Amino acid sequence: MAYIAVQSEDFDLSAEFARIQGDDTDIGALVTFTGTVRDMTGTLESMTLEHYPGMTEKLLEQIATEAETRWPLLGCTIIHRYGTLSPGDNIVLVITASSHRQAAFDAAEYLMDFLKSKAPFWKKETTEAGGNWVDAKETDETALKRWDT
Amino acid sequence: MAYIAVQSEDFDLSAEFARIQGDDTDIGALVTFTGTVRDMTGTLESMTLEHYPGMTEKLLEQIATEAETRWPLLGCTIIHRYGTLSPGDNIVLVITASSHRQAAFDAAEYLMDFLKSKAPFWKKETTEAGGNWVDAKETDETALKRWDT
Amino acid sequence: MAQLMYFSKVREQIGIGDETIDLPHTIATVEDLVAHLRGLGDGYNSALADMTFIRVAINQNHVGIDHAVTNADEIAFFPPVTGG
Amino acid sequence: MAQLMYFSKVREQIGIGDETIDLPHTIATVEDLVAHLRGLGDGYNSALADMTFIRVAINQNHVGIDHAVTNADEIAFFPPVTGG
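Let us look at the structure shown here. Bear in mind that the values here come from a model prediction, so they are computed numbers and not experimental data. Each chain carries its own residue numbering, running from 1 in the direction its sequence is written. Written order determines the labels here, with chains lettered from A and ligands numbered from 1. Whole-chain, interface and lining totals are the exception, using all residues; otherwise, since this is a predicted model, local features are given only for residues with pLDDT of at least 70 and side-chain atom pairs are given and counted only at 80 or more. To get the side-chain values, all heavy atoms of the structure are used, and hydrogens and water are removed first.

### Quick look at the nonpolar core
Part 1 of the reasoning: A:Y52, B:Y52, C:F78 and D:F78 are the most contacted members of the largest nonpolar core, which has 88 residues in total.
Part 2 of the reasoning: Beyond its immediate stretch of four places on either side in the chain, A:Y52 contacts A:E57, A:P120, A:W122, D:M5, D:F7, D:A57, D:Q60, D:E74, D:A76 and D:F78. Take the buried residues of types Ala, Val, Leu, Ile, Met, Phe, Trp, Tyr and Cys, join any two whose side-chain atoms come within 4.5 Å, and each joined set is a nonpolar core. Each residue gets one of three labels from its accessible area relative to the maximum for its type: buried under 20%, exposed over 50%, partly exposed in between, using a 1.4 Å probe on protein chains only. Here, two residues are considered to be in contact whenever any of their heavy atoms come within 4.5 Å of each other.

Pasting the structure below:
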């Protein structure tokens, strides 16, 4: 039921809403998370995302299936870009649809926590000074632990 | 900083993203909540939303200001429709923008919890059998309590 | 003159959306006002019979039933909200 | 023949993205393989020096350092992920 895509192209929020809603009138709540290329210091030239083709798709499918098991979802979208992006560009989109708002919120947070800690993507920032792989954040591993049951 | 609108017209997600993002490259995370008219049984003809003009806008401004105090937001949008809507139509849109994903998620949930319990809107469902005011849910009051500090 | 406003089911039961009334001197609180309004007819009486199901706003702020009311106020009665 | 894959900083340090090797019979686990690879050159040695900073996937599933490896496996080494 989930729609998963790993792509270099940008995504369109309205088109993805249309895809997940379809003719479904049971949906009352849709939550989205959009991650964008952040440039806190104004020095970022570009951000390059490397990934592990094959494993990425497989892992995103697993995460989506797990979310659908845990919450009464009526739809679930995960789109993650790779390649070289500019400040402000979209990186990732997660959409969850449900009859219930809390289920939609919880599932979206869950998907992002797993994606951040488990999906095989790596970010490299390029500034005038050169390229630099982004360090993983310990808080992402911590965030994941709250879903242990 | 927040953009608040109470309107009969529909809203466009992509346009609202453009409004909140602007030229801001500090934003790394955007969370949206979209509430739509739900028709679980296939019998709903329309949903009419009544509101308290003046108080609605004032209360949404208060909620947004409170969210901006609690979390490091870089933008916040609340749009709520009134009038007569059809199954599947948009009712409400909340967008939160931040450098941090957890702040964006928490603020969006907070805004929705307050909006659901405090914003003066009332839903009336019309089916073939006639009109029926939707009952308030106790769970909405309960959801609000988790933000007490 | 106090401005009274009714919304949703309260509006339907009372039959009007708003009215202005000159508050009698005996009315000091929302509770006094409710007792007064309930004497104005069956619609008022049934709409305001059980105040645990009615919310009150004075000058567009949520208030409790013991809040003071004056002739300068905009006073609104409505069921628990169901937007979002 | 085992298929080895390297990503991100590991790929840059080793200097190649993937290679196939015939695992010696002495290699039973990821840990054995890491010790073997570190003998292949400075790039390998520095990339895999501190395995607390390296993640391992076998056949596209995250595994621990004590996991068994065979010649039929696709084995990937990479830093903690930073997508999203």
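### Points about the packing of helix 2 (residues 55-70) of chain A against helix 3 (residues 101-118) of chain A
Residues and elements named next belong to chain A.
Part 1 of the reasoning: In this description, a line fitted to the C-alpha atoms serves as the axis of each element, helices being fitted only across the stretch in contact, and the angle between N-to-C directions of two axes falls anywhere from 0 to 180 degrees. Secondary structure follows DSSP: runs of H or I at least 4 residues long count as helices, runs of E at least 2 residues long count as strands, and numbering of each begins at the N terminus. Helix 3 packs onto helix 2 with a crossing angle of 150 degrees between their chain directions and a minimal axis gap of 10 Å. Considering the angle they form, helix 2 stands roughly antiparallel to helix 3. Read as a crossing pair, helix 2 and helix 3 show a hand that is right-handed. Facing helix 2, whose interface residues are L59, L60, I63, A64, E66, A67 and R70, helix 3 presents Y110, L111, F114, L115 and K118.
Part 2 of the reasoning: Amino acids outside the nonpolar list (Ala, Val, Leu, Ile, Met, Phe, Trp, Tyr, Cys, Pro) and the charged list (Asp, Glu, Lys, Arg) are all regarded as polar, and Gly is one of them. A breakdown of the residues in the contact of helix 2 with helix 3 according to their chemical character gives 9 nonpolar, no polar and 3 charged. Roughly parallel means an angle under 35 degrees; roughly antiparallel means over 145; roughly perpendicular covers 65 to 115; every other angle is labelled oblique. If you view the pair so one helix is near and one far, a crossing is left-handed when the near helix is turned anticlockwise from the far one by less than a right angle, and right-handed when it is turned clockwise.

### Concerning helix 4 (residues 138-145) of chain B
Two residues of an α-helix separated by three or four positions point the same way, owing to the 3.6 residues in each turn.
Part 1 of the reasoning: Taken together, the buried positions of helix 4 of chain B are B:D140, B:A143 and B:L144. For helix 4 of chain B, the angular spread of the buried residues around the axis is 100 degrees, confining them to a single face. What points out from helix 4 of chain B, more than 90 degrees from its buried face, is the exposed set B:E138, B:T139 and B:K145.
Part 2 of the reasoning: Buried-residue contacts for helix 4 of chain B involve helix 3 of chain A together with helix 3 (101-118) of chain B. The arc in question is the one traced by the directions running from the helix axis out to the C-beta atoms.

### A look at the interface of chain B and chain A
Part 1 of the reasoning: Each partner contributes to the interface: chain B provides 37 residues, whereas chain A provides 37 residues.
Part 2 of the reasoning: Broken down residue by residue, the surface that chain B buries against chain A is led by B:T25, B:R101 and B:F105, which jointly contribute 22%.
Part 3 of the reasoning: What makes a salt bridge here is a side-chain nitrogen of Lys or Arg within 4 Å of a carboxyl oxygen of Asp or Glu, nothing more. Inspection of the chain B/chain A interface yields 4 salt bridges.
Part 4 of the reasoning: With its nearest N and O atoms 2.8 Å apart, the salt bridge here joins A:R101 to B:D113.
Part 5 of the reasoning: Within the residue set of the side of chain B that touches chain A, elements represented by two or more residues are helix 1 (13-21), strand 2 (29-36), helix 3 and helix 4 of chain B.
Part 6 of the reasoning: Pairing between strands is defined by DSSP: at least two bridges between them are needed. Pairing analysis gives 7 bridges linking strand 2 (residues 29-36) of chain A to strand 2 of chain B, with the strands arranged antiparallel. Put simply, buried area is the surface a 1.4 Å probe can reach on two separate parts but cannot reach once they are joined, added for both.

### Concerning the packing of aromatic side chains
Part 1 of the reasoning: Aromatic pairing here means that ring centres of Phe, Tyr or Trp (its six-membered ring) are within 6.5 Å. Orientation follows from the plane angle: under 30 degrees is stacked, over 60 is edge-to-face, and everything else is tilted. Summed over all chains, the structure comprises 24 aromatic pairs over all chains.
Part 2 of the reasoning: On the basis of an interplanar angle of 35 degrees and a centroid distance of 4.5 Å, the ring pair of B:Y52 and C:F7 is categorised as tilted. Linking B:Y52 in the loop between strand 3 (44-51) and helix 2 (55-70) with C:F7 in the loop between strand 1 (2-6) and helix 1 (8-14), this pair reaches from one chain into another. Like B:Y52, the residue C:F7 is buried in the burial classification.
Part 3 of the reasoning: Working rule: Lys NZ or Arg CZ, within 6 Å of ring centre, within 35 degrees of ring normal, means a charge sits over the ring. A:R19 extends its terminal NZ or CZ atom over the ring of A:Y3, reaching a point 3.6 Å from the ring centre.

### So, the interface of chain B and chain C
Part 1 of the reasoning: At the junction of the two partners, chain B supplies 29 residues and chain C supplies 22 residues.
Part 2 of the reasoning: Together, B:Y52, B:W122 and B:W133 form the three largest contributors to the area buried by chain B at its contact with chain C, with a combined 34%.
Part 3 of the reasoning: Where chain B touches chain C, the interface holds 2 salt bridges.
Part 4 of the reasoning: For the salt bridge of B:K124 with C:E12, the shortest nitrogen-to-oxygen distance reads 2.3 Å.
Part 5 of the reasoning: Breaking the side of chain B that touches chain C down by element, the ones donating at least two residues are strand 3, helix 2, strand 6 (90-98), helix 3 and strand 7 (121-127) of chain B.
Part 6 of the reasoning: Residue contributions to the side of chain B that touches chain C peak at 5 residues, all from helix 3 of chain B.
Part 7 of the reasoning: Across the side of chain B that touches chain C, the residue classes tally to 16 nonpolar, 5 polar and 8 charged.

Function cannot be read off these values alone, since they describe shape.
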